[in-house]
Amino acid sequence: MEKPIYLKDSEDTRLFNELRKKVTQRVENIPGNRDIYIQIKAVLLPLIYVGLYFVAVFNAEKHGLYILSFVSMGIFLVLIYLNLIHEAAHNNIYKSKKLNELVLHIFDFVGANSYIWKKRHIASHHAYPNVDGWDTDIEQSGLLLIVPWIKAKGIQKYQHRFFFLVYPLYLFNWMFIRDFRDFFDTERVILKTQGKIPVREKIKMISYKLFYFFYQILVPIVFFKVSIGLALGAWFLQVIAASIFALFVLLPLHPLPDNAFPKLNKENGLPFSWLRHQLEVTNDLKENNWWVRNVLGNFNFHVAHHLFPNYSYMYYSEITEEIEKFAIEHGLAYKRFPLLTALGKHRDLLRQNANNAYYILEE
């Protein structure tokens, strides 16, 4: 199938080149190499994750400490994703691609799959954000409807009432269903951009999954005499905590009623140029403090990431200043919301989709 084509607009191309020049000059004038801080995290965060695991298994008789350690592992799993995995996929941690790939492989040890996730993120989400049928991040599950112009059916008409029960299961779906479907289901979105997946990657995916469940559940039971109930319960709570934390960070950035979900025309064309598309489908968050910048990987500056993914998040504050100023000068659609407001807007999107508001407006 032919890939979507962005609207060709020479003026928008000129605008982006002008913005890129301003951003490049701004970053080049920043003294030192801030990426060293991410490189420190590339050692520190995985060590903390492993350390929490050993705290748990060597204190198996202390059930409260065992559970707390596993739940904390879930939190650090998300921090590893935000600070390391995401940046490694864009080769933003080290100059060496091999070192970035090494960091990316951490994902395989925490229940996900680095190979298919990088394909999803780069060739699908970054290439066609919020485009139904091409962006894997909004691929429909059957339970929840994200795309406004698809008519809600069955249980989707009640999604705004039960979504809070589904979202905590996000990473369970990722580990047990999503990865396997992307590897083996020929109807999945990823195959439009990825093509045929090598057999060796399928073997690696299954092998890493087995190893993950081996050390997370079987090792504590077999070697440290942890009861089956405690081992399963602590792991379950770990994944629940990670799911809630991950979605708390990721949901407020794209799937909001204020952001566009562009439809393809008959020629597979998109209604916006590449520059305007990124601005129309993405928003920032107003929160900008030490915690967000240094612990959460500047996830609040998401527009900067989509426009300039070749820079690490350590430079997003200055880049965003240039983007916001440029957008005001040229009438571009830059959006920024408080976190809780954005989360509320996501709930509003689910409600509107459940009530088929798009079709009512169309009529």
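Residues numbered from 1 in each chain as written. Predicted model: local features only at pLDDT ≥ 70, side-chain atom pairs only at ≥ 80, totals over all residues. Heavy atoms only, no water.

Asks: Explain the overall build of the protein here, please?
Replies: Within the protein, the regular secondary structure consists of 17 helices and 2 strands. On C-alpha atoms alone, the protein measures out to a radius of gyration of 21 Å, which is about the 21 Å that the 2.2 N^0.38 rule sets for 363 residues. On the principal axes, the C-alpha backbone points of the protein span a range of 65 × 55 × 40 Å. For the protein, the proportion of contacts with a sequence separation of at least 24, taken over those separated by at least 6, is 71%. Carbon and sulfur atoms provide 63% of the accessible area of the protein, an area that totals close to 17,300 Å². (Helix = DSSP H or I, 4+ residues; strand = E, 2+ residues; numbered from the N terminus. Rg over C-alpha atoms; globule rule 2.2 N^0.38 Å. Contact = heavy atoms within 4.5 Å. Areas by Shrake-Rupley, 256 points an atom, 1.4 Å probe, with all protein chains shown as cover.)

Asks: I tried to follow the pattern of salt bridges on my own but got confused; where do I start?
Replies: Here the idea is simple: oppositely charged side chains can pair when their charged atoms come close. Across all of its chains, the model carries 19 salt bridges by this definition. A salt bridge links D179 to K209, with the nearest nitrogen and oxygen atoms 2.7 Å apart. Taken together, the residues D179 in helix α8 (residues 170-184) and K209 in helix α10 (residues 199-223) connect sequence positions 30 residues apart. Like K209, D179 is buried. K345 is the salt-bridge partner of D258, the closest N and O atoms lying 3.1 Å from each other. Here D258, found in the loop between α11 (228-250) and α12 (274-281), pairs with K345, found in helix α16 (residues 339-354); they are 87 residues apart in sequence, far enough to count as distant. (Salt bridge = Lys/Arg side-chain N within 4 Å of Asp/Glu carboxyl O. Buried < 20%, exposed > 50% of the residue type's maximum accessible area, 1.4 Å probe, protein only.)

Asks: I'm lost on the nonpolar core in this one. Help?
Replies: Side chains that are nonpolar tend, in soluble globular proteins, to be buried together. Grouped together as the largest cluster of nonpolar side chains are 84 residues, with contacts concentrated most on L307, F308, I319 and I323. Top contributing element to this core by residue count: helix α3 (residues 63-89), with 13 residues. In this view, I323 contacts L19, V303, A304, L307, F308 and Y334; residues no more than four positions away in its chain are not counted. (Core = buried A, V, L, I, M, F, W, Y, C linked by side-chain atoms within 4.5 Å.)

Asks: For this particular structure, what's the right way to read the side chain of K345?
Replies: For K345, a relative accessible area of 19% puts it in the buried group. Ignoring sequence-local partners within four residues, the contact set of K345 consists of L256, P257, D258 and F337.

Asks: Explain the packing of aromatic side chains to me, please; I cannot follow it from the model alone.
Replies: Aromatic ring pairs are reported here in terms of the distance separating the ring centres and the angle at which the planes meet. Scanning the model with the defined rule gives 29 aromatic pairs in all. Here the aromatic rings of F163 and Y167 are separated by 5.7 Å at their centres, their planes lie at 65°, and the arrangement is edge-to-face. The two residues F163 and Y167 agree in class, both being buried. Pairing F211 with Y215 gives two aromatic rings, centres 5.4 Å apart and planes at 50°, and the pair type is tilted. On the criterion of helical spacing, the pair formed by F211 and Y215 is a turn pair, its members being 4 residues apart in helix α10. Directly above the aromatic system of W174 lies the positively charged group of R178, at a separation of 5.3 Å from the ring centroid. (Phe/Tyr/Trp six-rings, centres within 6.5 Å; stacked < 30°, edge-to-face > 60°. Lys NZ or Arg CZ within 6 Å of the ring centre and 35° of its normal.)

Asks: Teacher, can you tell me more about a nonpolar patch on the surface here?
Replies: Taken together, the side chains of F109, F211, F214, L218, V222 and F223 make up a nonpolar region of the molecular surface, amounting to roughly 570 Å² of accessible area. Broken down by element, the nonpolar patch gets its largest block of residues, 5 residues, from α10. When you line up the elements, F214 lands in helix α10. Looking at F214, the relative accessible area reads 37%, which means it is partly exposed. (Patch = residues over 30% accessible without salt bridge, like charges linked within 9 Å, V, L, I, M, F, W, Y side chains within 5 Å.)

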